[in-house]
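Fold and geometry: a report
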Amino acid sequence: MEDRKLIRVKSIADGYRMRMLPPPEHPLISILDCADIKDSHEADSPVANINLVLDFYFISLKRGCDKLFYGQQKYDFDEGVMGFVAPNQVMRGQLGTQKAMSGWLLFLHPDFLWGTPLAKKIKKYDFFDYSTNEALFLSEKEEKIINGIISNIKEEYHGNIDKFSQDIIISHLETLFNYCERFYQRQFITRKITNSKILGSIEKVLNDYLDHEDLASKGLPTVQHLANSQNISPKYLTSLLKQLTGLTAQQHIHEKLIEKAKEKLTTTELSISEIAYELGFEHSQSFSKLFKAKTKQSPIEFRASFN
């Protein structure tokens, strides 16, 4: 396996220096054209062979990217591809080295958001926790909308900075993120066939897990286990399942556990504690609490209703 050096980039200005670029106009927010990156480094730049950890948000819209994976399938996409990285996440792979790539990169330091509603709200946008292979694929119309918002932000911080500038840029950023959230929901729908396959695969993974004879020692199934089985991130899995079924990944697991528990309660003579143990619960009280929360009956009451 290739040994990649881990480098932390503490400021936007540090990132610009790494790419041999002039300092950004604003220390806390900057938009960079991909063409400027290509012109700023040699083809054998070591930046392509390192892992980066940023202390700021990184949003990009690129064309001419390599083929990307969506779930377990590879896609070619001629329109814009958006990616989102939150502070302290690791960026891997080639960063801006593709000669045919075009688009822009937006760098946003958390300090720019201090004292604004977006400082808290930005943590609620799940797409900042999606993996690279779960990028947002934009249609031509969607790309125009996003580029229009970016143009407004650039125009504002390139202009004369005044007491209104931050509020205006924050407003544009919130609009940008809300559109991205809408477009992700559209992507879940337009990729319905693939998503349905993932849903079917998840059902099988859960069933196989819960049917395993060593379940007691394995413990309860986790969202991470389901996500790993599909090569997608836990956040993306939850967003996808919520769109398809109305349930989060954790709720989906609970539904399967209750379904399995009902089967054991009605077809076996096992005690409540034995059933809880066989399903992977460490404590029977936890099992009984979950069962009652989901069915409005205790396991004993549910079993009695069938006798």
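Note: the structure precedes this text.
Values in this document were obtained by computation on a predicted structure and should not be read as measured data.

Turning our attention to unusual backbone geometry. Even without a glycine there, the phi angle at Asn88 is positive, about 75 degrees. We classify Asn88 as exposed; its relative accessible area is 52%. Positive phi outside glycine occurs at Asn231, with the angle close to 60 degrees. Among the secondary structure elements, Asn231 is positioned in the loop between helix H8 (223–230) and helix H9 (234–245).

Turning next to the nonpolar core. Burial of nonpolar side chains together is a common tendency in soluble globular proteins. Within the largest apolar cluster, 66 residues are counted, with the highest numbers of intra-cluster contacts made by Met82, Phe128, Leu173 and Phe177. Of the residues forming this core, the biggest block, nine residues, is contributed by helix H5 (residues 165–190). Those residues in contact with Leu173 that sit more than four places away from it in its chain are Ile29, Leu106, Leu108, Phe112, Leu113, Leu118 and Ile153. Formed by 15 residues, the second largest nonpolar core is a distinct cluster that contains Ile12, Phe56, Phe58 and Leu105.

With that settled, consider the pattern of salt bridges. For the coordinates displayed, the defined rule picks out 11 salt bridges. Note that Asp208 and Lys204 form a salt bridge whose closest N and O atoms lie 2.8 Å from each other. Of this pair, Asp208 and Lys204 are both found in helix H6 (residues 192–211), four residues apart, which corresponds to roughly one turn of the helix. According to the relative accessible area criterion, Asp208 is partly exposed, its value standing at 41%. Take Lys204: its relative accessible area is 54%, and that puts it in the exposed class.

Time to look at the sheet that holds strand S4 (residues 57–63). Here five strands make up an open sheet; going across it, the order is S2-S9-S4-S7-S10 and the pairing antiparallel. Each of the sheet's edge strands pairs with one partner strand only, and the pair in question is strand S2 (29–33) and strand S10 (136–137). In the sheet, S4 pairs with strand S9 (residues 102–108) via seven bridges, with the strands oriented antiparallel. Residue pairing across strands places Lys62 opposite Gly103, the latter belonging to S9.

With that out of the way, let us pick up the side chain of Glu142. Within the secondary structure layout, Glu142 lies in helix H4 (residues 140–158). Judged by its relative accessible area of 9%, Glu142 is buried. From its side chain, Glu142 meets the backbone nitrogen of Ser139 in a polar contact 3.0 Å long. If sequence neighbours within four positions are ignored, Glu142 has contacts with Phe137, Phe183 and Arg186.

Helix length check: H5, at 26 residues, gives a terminal C-alpha distance of 37 Å against a target of 38 Å (1.5 Å per residue), a fit within 8%. All of the buried residues in H5 are Ser165, Ile169, Ile170, His172, Leu173, Leu176, Phe177, Cys180, Phe183, Tyr184, Gln187 and Phe188.

Looking now at the environment of Tyr236. You can see Tyr236 is positioned in helix H9. For the pair Tyr236 and Asp126, spaced 110 residues apart in the sequence, the C-alpha separation amounts to 7.6 Å.

Here we take up the packing of H5 against H9. At a closest axis distance of 10 Å, the pairing of H5 and H9 adopts a crossing angle of 70 degrees. Classified by the interaxial angle, the pair formed by H5 and H9 is roughly perpendicular. Note that H5 runs across H9; the crossing there is right-handed. Residues Tyr184, Gln185, Gln187, Phe188 and Ile189 of H5 lie in contact with H9, whose contacting residues are Tyr236, Ser239, Leu240 and Gln243. Split by residue class, the contact of H5 with H9 holds five nonpolar, four polar and no charged.

Calculation notes
Residues numbered from 1 in each chain as written. Predicted model: local features only at pLDDT ≥ 70, side-chain atom pairs only at ≥ 80, totals over all residues. Heavy atoms only, no water. Buried < 20%, exposed > 50% of the residue type's maximum accessible area, 1.4 Å probe, protein only. Helix = DSSP H or I, 4+ residues; strand = E, 2+ residues; numbered from the N terminus. Core = buried A, V, L, I, M, F, W, Y, C linked by side-chain atoms within 4.5 Å. Contact = heavy atoms within 4.5 Å. Salt bridge = Lys/Arg side-chain N within 4 Å of Asp/Glu carboxyl O. Pairing = 2+ DSSP bridges. Polar contact = N/O pair within 3.5 Å; in protein donor to acceptor, adjacent residues only side chain to side chain. Expected span 1.5 Å × (residues − 1). Axes fitted to C-alpha atoms, helices over the stretch in contact; angles between N-to-C directions. Parallel < 35°, antiparallel > 145°, perpendicular 65-115°, else oblique. Left-handed = near helix turned anticlockwise from the far one by under 90°. Nonpolar A, V, L, I, M, F, W, Y, C, P; charged D, E, K, R; others polar.

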